[in-house]
Each structure stands twice: as C-alpha cells, then as structure tokens.
Amino acid sequence: MKLLEDKILSCGRVLPGEVLKIDSFLNHQIDVELVSQLGKEFYRRFSSYNISKILTIESSGIALAFAAAQYFKVPVVFAKKGSHKNVGNDVYYADCYSYTKGETYQITVSKAYLGEGENILIIDDFLANGAAANCLINILSQAQSNLVGIGIAVEKGFQKGGKNLRERGINLQSLAIIDSMTDSSVSFRADN
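What counts and how
- Residues numbered from 1 in each chain as written.
- Predicted model: local features only at pLDDT ≥ 70, side-chain atom pairs only at ≥ 80, totals over all residues.
- Heavy atoms only, no water.
- Helix = DSSP H or I, 4+ residues; strand = E, 2+ residues; numbered from the N terminus.
- Expected span 1.5 Å × (residues − 1).
- Phe/Tyr/Trp six-rings, centres within 6.5 Å; stacked < 30°, edge-to-face > 60°.
- Buried < 20%, exposed > 50% of the residue type's maximum accessible area, 1.4 Å probe, protein only.
- Pairing = 2+ DSSP bridges.
- Salt bridge = Lys/Arg side-chain N within 4 Å of Asp/Glu carboxyl O.
- Disulfide = S-S within 2.5 Å.
- Contact = heavy atoms within 4.5 Å.

Novice: Could you give an account of helix α5 (residues 131–143), naming the residues involved and the relevant values?
Specialist: In an α-helix, one turn spans 3.6 residues, which is why side chains three or four residues apart end up on the same side. Over its 13 residues, α5 runs 19 Å from end to end, which matches the ideal 18 Å to within 8%, given 1.5 Å per residue. Within two residues after α5, Gln 144 carries a phi angle of roughly 60°, on the positive side.

Novice: Explain the packing of aromatic side chains to me, using residue names and the numbers behind them.
Specialist: Considering all chains together, one arrives at three aromatic pairs under this definition. Taking 6.2 Å as the distance between ring centres and 50° as the angle between the ring planes, the aromatic pair formed by Phe 46 and Tyr 49 counts as tilted. The buried category is assigned to Phe 46, whose relative accessible area is 0%. For Tyr 49, a relative accessible area of 36% puts it in the partly exposed group.

Novice: Lay out the pairing of strand β3 (residues 53–57) in plain terms, naming residues and giving numbers.
Specialist: Burial analysis of β3 places five of its five residues in the buried class, the great majority of the element. Here β3 shows two buried faces, one formed by Lys 53, Leu 55 and Ile 57 and the other by Ile 54 and Thr 56. For β3 and strand β7 (residues 119–127), the ladder comprises three bridges, and the chain directions are parallel. Counterpart to Ile 54 in the pairing with β7 is Leu 121.

Novice: Go over the pairing of β7 with me, naming the residues and quoting the values.
Specialist: By the criterion of burial, β7 is predominantly enclosed, with eight of the nine residues buried. As paired strands, β7 and strand β8 (residues 146–156) are joined by eight bridges and run parallel to one another. Pairing of Phe 126 across the sheet is with Val 154, part of β8.

Novice: Kindly report on the pattern of salt bridges, identifying the contributing residues and their values.
Specialist: Counted under the stated rule, the structure contains ten salt bridges. Of the charged contacts in the structure, one is a salt bridge between Lys 7 and Asp 31, with a shortest N-O distance of 3.1 Å. Highlighted residues: Lys 7 in helix α1 (residues 2–11) and Asp 31 in the loop between α2 (23–27) and α3 (32–46), separated in sequence by 24 residues. Given the relative accessible area of 22%, Lys 7 is considered partly exposed. Owing to a relative accessible area of 22%, Asp 31 belongs among the partly exposed residues under this scheme. In this structure, the salt-bridge partner of Arg 44 is Glu 41, at a minimum N-O distance of 2.7 Å. Of the two residues, Arg 44 and Glu 41 both sit in helix α3, three residues apart, roughly one turn of that helix. Classification of Arg 44 as exposed rests on a relative accessible area of 55%.

Novice: Hey, could you go over unusual backbone geometry for me, with residue numbers and the actual values?
Specialist: Here the amide bond leading from Glu 58 into Ser 59 is cis, since omega sits at -5°, within 30 degrees of zero. Relative to the assigned elements, Ser 59 resides in the loop between β3 and α4 (60–72). With a phi angle near 60°, Gln 144 is a residue other than glycine that sits in the positive phi range. One can find Gln 144 in the loop between α5 and β8.

Novice: Quick one: what's the story with the state of the cysteines, residue by residue and with numbers?
Specialist: Scanning the entire structure with this criterion turns up one disulfide. A disulfide bridge connects Cys 96 with Cys 135, and the sulfur atoms are separated by 2.1 Å. With a gap of 39 residues between them, Cys 96 in strand β5 (residues 91–98) and Cys 135 in helix α5 connect regions that are remote in the sequence. The pair Cys 96 / Cys 135 is uniform in exposure class, with both members buried.

Novice: Could you give an account of the environment of Tyr 105, with specific residues and numbers?
Specialist: Within the secondary structure, Tyr 105 sits in strand β6 (residues 103–110). A residue is classified by how much of its surface remains accessible, and Tyr 105, at 14% relative accessible area, is buried. Tyr 105 sits eleven residues away from Ala 94 along the chain, and the two C-alpha atoms are 8.5 Å apart. Those residues within four positions of Tyr 105 in sequence are excluded, and the remaining contacts are Ile 57, Lys 81, Ala 94, Asp 95, Cys 96, Tyr 97 and Ser 98.

What follows is the structure in structure tokens.
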C-alpha cells in the first residue's frame, strides 16, 4: 500500500538490530487518518469473508483493529499481556516472546469473548518472526474459533514470520512488506 510505504519512508527510522521505529504515526502517536485508511484497506481485502470479530494483541494492534472493525461493523477483542484481576481465571492463554522487549510474557483472552465456530480476523501492526501471530492463533485454536486471515500493517519480509504463515496456508495480507533495511534506506517488496 503506497500510502503506508510513503509514510514509512518519510517518518520511519531504522534502529540497530533491524528495528523499524514508526511510533510517530502507528504505535505510540497515531496518525488517525492514515490508520483509518489502513482499516479500510483491510476491509477491502477481507470483506468477502463473514468476519465475526477482530482479534489483536495489546497495545499496538488496538488502533488498527479498531479502525478495521468500523468497516466490518464487528467487535474488537484484544489479548491482554500479563494477568489482570478484572479478566478473571476463565481465560485462554499463550506464552509469547517479544523480540523488541527481549522477554516472554503471557497473553490472555476471556473465554466469554471468543466462541466456537466464530470467524476471526487477526489484525496487528508488525510481523517479523511471527511470535505474536502464532500466540493469537494458539488462542483461537483453544477457543475452537475459525481463523479467517491475518492483516498486518508492516511485515519484515526478510524475517521468517510471513513465509512460515503463508506456507501453513494462512491468508496473510500485509499492507507493506519490507525486503531490506539499512541505517539509511528501506526497500519494499514490489509484488505486494
């Protein structure tokens, strides 16, 4: 999606360790108009499916999921990181590794919000090695919900996450796929 690629080129920064910093518009400060357009694009790509709910992980995926849900007219469910007294004990959970934080944490979703047979679309901001996506897939499996697809704003195509998900037959739609990054440049996949 050219709009997103242009924003990455104009506002993004590459940090050591192949970290792309796009927090000025996507996951710390949010460019509302841009995120609304990303939500509309997810709707265009997945509108032929009978989506029951959108699932994401806190906190960076919430804005994108919310933007998309407005077009689908469905609820957003987000996996919470860590334990929370207000969620209770009747939860689905998975252990996730965060590359950017360098730690493993548990995510939970109340069993009340994911039902057997529901058609779920996962939306998130980033895909690198696929840890968060696989944790959410694990939770959907526990809930016996149907994974319809995964919508990602920015995929690091040079890492294994997207390739592994596609090889499993998952309908993965990434709005911008980065083929390579250096301190001074970002190159996007042309066939996206």
